[in-house]
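Chain by chain, the residues run as shown.
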Amino acid sequence: MAGDSGHDRSPIDPMKIAYVYMQMADHIAERIAKGELRPGARLPGERDLAAEYGVAHLTARRATKELRERGLVVTLPSKGTFIAYPEAEGDDDKE
């Protein structure tokens with residue numbers, strides 16, 4: 001679209017038949033899976049995420065809620081949102 005300002009390319013595709021907040025949550029989940037966002041790291045605030053993805057802050061809020069529901073992030077009031085530590089899946093003995 002008009003004006004690629006600084007970002008390589010937004011991961012949000014307005015032509016895709018999917019909710020924007022889900023695209024955003026999926027992209028952040030992918031970054032977590034790849035290790036770009038590590039457990040315990042603080043996620044940027046909703047307004048900063050909104051600016052980064054070029055969406056409204058309420059869309060960023062909904063994406064954060066989706067990530068919480070997936071168990072990927074934990075939000076502490078007045079502290080921020082953090083990448084969750086993975087839970088042990090049954091047996092963690094991989095020796």
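Preceding this section is the structure that the text describes.
None of these values were measured; they are calculated from a predicted model.

Grouped together as the largest cluster of nonpolar side chains are 18 residues, with contacts concentrated most on Met24, Ile28, Leu43, Leu49, Tyr53 and Leu67. Elements with a contribution of two residues or more to this core: α1 (20-34), α2 (46-53) and α3 (57-69). The greatest single-element share of this core, amounting to six residues, is contributed by α1. The contacts of Leu43, once residues within four sequence positions are left out, are Ile28, Leu37, Leu49, Leu67, Val73, Thr81, Phe82 and Ile83.

Another point: the packing of α1 against α2. The contact between α1 and α2 brings their axes to 12 Å, and the two run at 95 degrees. When the interaxial angle is binned, α1 and α2 end up roughly perpendicular. On the side of α1, the interface is formed by Met24, His27, Ile28 and Arg31, while α2 contributes Leu49, Glu52 and Tyr53.

Bridge count for strand β2 (residues 73-76) against strand β3 (residues 80-83) is four bridges, and the pairing is antiparallel. Residue pairing across strands places Leu76 opposite Gly80, the latter belonging to β3. Counting the residues in the hairpin turn of β2 and β3 gives three residues, including Ser78, whose phi is positive at 70 degrees.

Inspection of the secondary structure puts Thr59 in helix α3. Sequence separation between Thr59 and Tyr19 is 40 residues, and the spatial gap between their C-alpha atoms is 9.5 Å. The residues touching Thr59, leaving out its near neighbours within four places in the chain, are Val20, Tyr21 and Met24.

Moving on, we get to α2. Since the α-helix turns once every 3.6 residues, residues separated by three or four places project in the same direction. When α2 is considered as a whole, its buried residues turn out to be Leu49, Ala50 and Tyr53. Buried residues of α2, viewed axially, fall in a sector of 100 degrees; they line one side. Across from the buried face of α2, at angles greater than 90 degrees, the exposed residues are Arg47, Asp48 and Ala51. Where the residues of α2 are buried, they touch α1, β1 (42-43) and α3. Just downstream of α2 lies Gly54, where phi reads positive at about 70 degrees.

Right, let's get into the pattern of salt bridges. Following the criterion strictly, the structure yields seven salt bridges and no others. The salt bridge partner of Asp26 is Arg70, with a shortest N-O separation of 2.6 Å. Of this pair, Asp26 sits in helix α1 while Arg70 sits in the loop between α3 and β2; the two residues are 44 residues apart in sequence, bridging distant segments of the chain. For Glu30, the salt bridge identified is with Lys34, shortest N-O distance 3.2 Å. Note that Glu30 and Lys34 are positioned in helix α1 at a spacing of four residues, about one turn of the helix.

Cut-offs used in this document
- Residues numbered from 1 in each chain as written.
- Predicted model: local features only at pLDDT ≥ 70, side-chain atom pairs only at ≥ 80, totals over all residues.
- Heavy atoms only, no water.
- Core = buried A, V, L, I, M, F, W, Y, C linked by side-chain atoms within 4.5 Å.
- Buried < 20%, exposed > 50% of the residue type's maximum accessible area, 1.4 Å probe, protein only.
- Helix = DSSP H or I, 4+ residues; strand = E, 2+ residues; numbered from the N terminus.
- Contact = heavy atoms within 4.5 Å.
- Axes fitted to C-alpha atoms, helices over the stretch in contact; angles between N-to-C directions.
- Parallel < 35°, antiparallel > 145°, perpendicular 65-115°, else oblique.
- Pairing = 2+ DSSP bridges.
- Arc of directions from axis to C-beta.
- Salt bridge = Lys/Arg side-chain N within 4 Å of Asp/Glu carboxyl O.

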